[in-house]
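Notes for the structure review
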Amino acid sequence: MQATRKAILNMVTLTLQELGEDLDIPELLAANESTRLFGARSPLDSMNLVNLIAEIEDRLSDDFDLSITLASERAMSRVHSPFRSVGSCVDYIMELIETAEPTPEDE
Amino acid sequence: MSQIAFITGTRKGIGRHIAEHLLAQGWLVAGCSRKESDLEHPNYRHYTVDISDEEAVSATVRSIKKDLGPIDVLINNAGTASMNHLLLTPGSTANALLQTNFLGAFHCLRECAKQMSLRKSGRIVNFTTVASALNLEGEAIYAASKAALESLTRTAAKELAPYGITVNAIGPTPVDTDLIRAVPEASIQKLIDHQAIKRMGTRDDITNCLDFFLRKESDFITGQIIYLGGVTA
């Protein structure tokens, strides 16, 4: 699948909705671009956020054939966490995709 | 369905023995080392990777999932040793030991635990050494790198327990492998004299302990370091 912003946004919101069903968190069933992922206004606790990041990395690999680590030095050292909302998370993923080194198979 | 184990350092020695042991039990085994392996088995797949390379480990763990399926068990066996008086140990040697023995193991643990956390199940077994428990002279940096791995084992056990993942470690006594081949016989004997049971370890002693950690019934065993031969910390 091509990694357009729309496709990545769909994948992240779908992942959140499924997480909401699994964990019985009704706020996540209607997840959209402005849904908070981190901080006091987020329905996710820290363990859920770890789960979400692992799940997104897994789907980036399975669905888009992208080997990307989201919890990088780059993400953790930012003043504003890229995980504060679905939208900022998707923007961050797009940034990583655009700056990623091509893998040997891609060359 | 066969369970899937990822074993680091399978080209020779203990890692190779563990791979053959699990293959004989019907496991699917992904092995890795910095060089190619001559281990051939229909259920074995080898990946050439330097585990101190973080991105290469991430890519390898994802490849294993695509090639074989999600990893059930990680066996962090790969390690390197250097015996020397600490006053004669170059910083580059210390750095290389920490890169493989600690950081490499950490990279594998983190990436495999991510996969395991999604399935709420997994077993991780790290390899330490009795040299750490015994604070052996001449092995300061090797023992320190494994002590760091022991600390990681205990803390990871707590952080990963909510995801159904156990993390334990095995501390073998000297076993006849390339790792100790260059060590003088007198030094090996001195080490064996510290053990309650005074003999060299065997590869089967190690797989016996490993089997215990991997048993279905061992899901309440985590954060434990088992030293063989009756060595106590």
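Residues numbered from 1 in each chain as written. Chains lettered and ligands numbered in written order. Predicted model: local features only at pLDDT ≥ 70, side-chain atom pairs only at ≥ 80, totals over all residues. Heavy atoms only, no water.

1. A look at the sheet that holds strand S4 (residues 73–76) of chain B
All names here are of chain B. Stated formally: Strand pairing is assigned whenever DSSP detects at least two bridges linking the two strands. Think of it this way: any DSSP run of H or I at least four residues long counts as a helix, any run of E at least two long counts as a strand, and we number them from the N terminus. Between N-to-C directions, angles span 0 to 180 degrees; the directions come from axes that are lines fitted to C-alpha atoms, helices contributing only their stretch in contact. Any two residues whose heavy atoms approach within 4.5 Å at even a single point are treated as in contact.
Spatially, the 7 strands line up as an open sheet ordered S3-S2-S1-S4-S5-S6-S7, and their pairing is parallel. Each edge of the sheet is formed by a strand with only one pairing partner; in this case those strands are strand S3 (44–48) and strand S7 (225–227). Going across the sheet, the axis of each strand differs from the next one's by a mean of 15°, ignoring polarity. Contacts from helix H3 (residues 91–119) reach strand S1 (4–8), S4, strand S5 (122–127) and strand S6 (165–171) within the one sheet, and its direction differs from that of S4 by about 175°.

2. Digging into empty space enclosed by the protein
Convention followed: In this analysis a 1.4 Å probe is tested at points of a 1 Å grid over the protein atoms alone, and where it fits but cannot get out there is a cavity; an open set with protein on both sides within 12 Å along at least five of seven lines is a pocket; lining residues have an atom within 4 Å of a point. Grid points are joined across faces, edges and corners, and a volume is the space filled by probe spheres set on the points. Residue polarity follows a fixed list, in which Ala, Val, Leu, Ile, Met, Phe, Trp, Tyr, Cys and Pro are nonpolar, Asp, Glu, Lys and Arg are charged, and the others, Gly among them, are polar.
In total, this model carries 2 cavities of 30 Å³ or more according to the counting rule given. Roughly 90 Å³ of internal volume is contained in the largest cavity. Forming the boundary of the largest cavity are A:Ala54, A:Glu57, A:Asp58, B:Ser58, B:Val61, B:Arg62, B:Glu111, B:Lys114, B:Gln115 and B:Leu118. For the lining of the largest cavity, the elements supplying multiple residues, two or more each, are helix H3 (46–64) of chain A together with helix H2 (54–67) and H3 of chain B. If you tally residues by element for the lining of the largest cavity, the top one is H3(B), at 4 residues. By residue class, the composition of the lining of the largest cavity is 3 nonpolar, 2 polar and 5 charged. Of the voids in this model, the second largest cavity is the one considered here, and its volume is about 40 Å³. Around the second largest cavity, the lining residues are B:Ser82, B:Met83, B:Asn84, B:Leu86, B:Thr89, B:Gly138, B:Glu139, B:Ala140, B:Ile141 and B:Tyr142. The class makeup of the residues in the lining of the second largest cavity is 5 nonpolar, 4 polar and 1 charged.

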